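Summary of the model geometry
Chain by chain, the residues run as shown.
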Amino acid sequence: MQASELQNKFEKIRANKWFEAFVISVIVISALLVGAKTYELPAAVSSLTVFLDWFISAFFLTEITIRFLAEKRKRYFFKSFWNWFDTLIVVISLIPADDTELALIARLVRVFRVLRMISIIPELRILLVSLVKALPQLGYVMLLMFIIFYIYAAVGSTLFEAINPVLWGDITISMLTLFRIMTFEDWTDVMYETQEVYSLSWIFYLTFIFFTAFAFLNMVIGIVVNVMERENEKAREEKAAELKAEQIAKGTAEPTLSEVMDELKAIKAALADKHK
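Residues numbered from 1 in each chain as written. Predicted model: local features only at pLDDT ≥ 70, side-chain atom pairs only at ≥ 80, totals over all residues. Heavy atoms only, no water.

**Re the packing of helix α7 (residues 122–160) against helix α9 (residues 171–182)**
For any two helices packed against each other, one specifies the crossing angle of their axes together with the interaxial distance. One can describe the packing of α7 onto α9 by two numbers: an axis separation of 8 Å at closest approach and a directional angle of 115°. One element, α7, and the other, α9, form an angle in the roughly perpendicular class. By crossing handedness, the relation of α7 to α9 is classed as right-handed. On α9, the residues that touch Met145, Phe146, Phe149, Tyr150, Tyr152, Ala153, Ala154 and Ser157 of α7 are Ile171, Ser174, Met175, Leu178, Phe179 and Met182. (Axes fitted to C-alpha atoms, helices over the stretch in contact; angles between N-to-C directions. Helix = DSSP H or I, 4+ residues; strand = E, 2+ residues; numbered from the N terminus. Parallel < 35°, antiparallel > 145°, perpendicular 65-115°, else oblique. Left-handed = near helix turned anticlockwise from the far one by under 90°. Contact = heavy atoms within 4.5 Å.)

Pasting the structure below:
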């Protein structure tokens with residue numbers, strides 16, 4: 001009974017909004033602390049940063065322990081990728097960051113502690129998961145974009161090499177020049193230079209910009225938004241299922257419309273059988 005009560009307390013702490021906000025605050029302070037160490041600091045401030053660094057590491061260790069103890073089935077804790085990620089960051093960040101061979105690794109890991117913000121905030125998790133799931137579809141878009149780049153680079157190198165070999169000397173340099181044009185980095189200077197020889201070369205640049213900067217960019221945005229909508233819908237369904245399970249456990253669950261309709265159909269069928 002005592003163990004059950006203790007676990008309930010840990011569950012309340014984990015679900016507490018103030019505790020979650022404090023964790024986020026510590027993560028932000030940890031990121032600022034890493035940035036502060038890149039400056040020349042007075043001795044007193046440097047000593048304070050060392051103390052804060054150990055405090056943050058100890059707090060993260062305590063926080064991950066609370067989350068582990070709050071899990072009803074401990075073996076399920078590490079079935080979550082985010083729990084593995086958080087635990088790995090916390091454990092590695094405990095490496096002493098003094099003048100040892102592992103000091104550089106420890107400092108780099110402390111930089112990545114800010115990524116824990118993703119595992120804490122559900123909205124950020126949805127964004128990252130949506131981006132990862134969109135990568136296979138984005139791969140085909142990138143392949144098509146590479147084909148367009150390659151064709152335009154070959155045409156540009158053939159036509160404009162004599163005008164400016166620095167920008168159009170070969171196909172690889174031409175692709176770098178096209179990337180500059182796609183990002184609108186002084187692309188008009190490149191166009192005006194070739195227009196002095198080929199007056200209609202503006203067609204080359206405008207069509208390339210249309211295909212890459214406009215069409216392909218909108219395709220990428222559309223794919224990511226579509227995946228994000230599916231992930232948001234999935235998250236809403238999971239949240240509704242969890243709420244329904246809690247209500248059933250507490251005996252306060254209200255039947256859904258579909259459940260009421262199924263029950264009415266069952267009653268109607270029973271009455272029909274009775275009259276027969």
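Read on, since the account is not over.
**Quick word on the nonpolar core**
In terms of nonpolar packing, the biggest core is built from 27 residues, with Phe149, Trp168, Leu178, Ile181, Phe204, Tyr205 and Phe208 touching the most fellow members. Residue assignment for this core shows that the elements contributing at least two residues are α7, α8 (165–168), α9, α10 (187–195) and α11 (202–250). Other than its neighbours up to four places away in sequence, Tyr205 contacts Phe160, Trp168, Ile181, Trp187, Val190, Met191 and Thr194. One finds Leu33, Phe60, Ile64 and Ile66 within the second-largest nonpolar core, a separate group that totals 16 residues. (Core = buried A, V, L, I, M, F, W, Y, C linked by side-chain atoms within 4.5 Å. Buried < 20%, exposed > 50% of the residue type's maximum accessible area, 1.4 Å probe, protein only.)

**Let's talk about α9**
With twelve residues, α9 should reach 16 Å at 1.5 Å per residue; the first-to-last C-alpha distance of 16 Å fits that figure. Along α9, the residues classified as buried are Ser174, Met175, Thr177, Leu178, Ile181 and Met182. Looking down the long axis of α9, one finds its buried residues gathered within 160° of arc, a one-sided arrangement. (Expected span 1.5 Å × (residues − 1). Arc of directions from axis to C-beta.)

**Observations concerning the confidence of the model for the protein chain**
Across the protein chain, pLDDT averages 79, with 84% of residues at or above 70. Mean pLDDT across the elements of the protein chain bottoms out in helix α5 (residues 103–111) (67) and peaks in α9 (92). (pLDDT = per-residue confidence, 0-100.)

**Brief notes about the packing of aromatic side chains**
Throughout the structure, instances matching the rule amount to 13 aromatic pairs. Relative to Phe60, the ring of Phe59 lies with its centre 6.1 Å away and its plane at 50°, an arrangement referred to as tilted. Phe60 sits in the buried class, given a relative accessible area of 0%. (Phe/Tyr/Trp six-rings, centres within 6.5 Å; stacked < 30°, edge-to-face > 60°.)

**As for the environment of Leu128**
Inspection of the secondary structure assignment puts Leu128 in helix α7. Residue Leu128 is classed as partly exposed on the basis of its relative accessible area of 34%. Placed 100 residues apart in sequence, Leu128 and Met228 show a C-alpha to C-alpha distance of 9.3 Å. In contact with Leu128, other than residues within four places in its own chain, are Trp82 and Ile118.

**Description of the pattern of salt bridges**
Counted under the stated rule, the structure contains two salt bridges. Arg67 is paired through a salt bridge with Glu63; the nearest N and O atoms lie 3.3 Å apart. Here Glu63 and Arg67 lie together in helix α3 (residues 43–70), a separation of four residues that amounts to about one turn. Across this residue pair, the class does not change: Arg67 and Glu63 are buried. Note that Asp86 and Arg67 form a salt bridge whose closest N and O atoms lie 2.9 Å from each other. With Asp86 in helix α4 (residues 81–93) and Arg67 in helix α3, this residue pair connects regions lying 19 residues apart in the sequence. The network of salt bridges with shared partners includes Glu63, Arg67 and Asp86. (Salt bridge = Lys/Arg side-chain N within 4 Å of Asp/Glu carboxyl O.)

**Looking at the packing of α3 against α4**
Contact pair α3 / α4: the axes reach a minimum separation of 9 Å and the direction vectors enclose 150°. The crossing of α3 and α4 is left-handed. Contacts from Ser57, Phe60, Leu61, Ile64 and Arg67 of α3 reach α4 at Asn83, Asp86, Thr87, Val90 and Ser93. Taken together, the residues of the contact of α3 with α4 break down into four nonpolar, four polar and two charged. (Nonpolar A, V, L, I, M, F, W, Y, C, P; charged D, E, K, R; others polar.)

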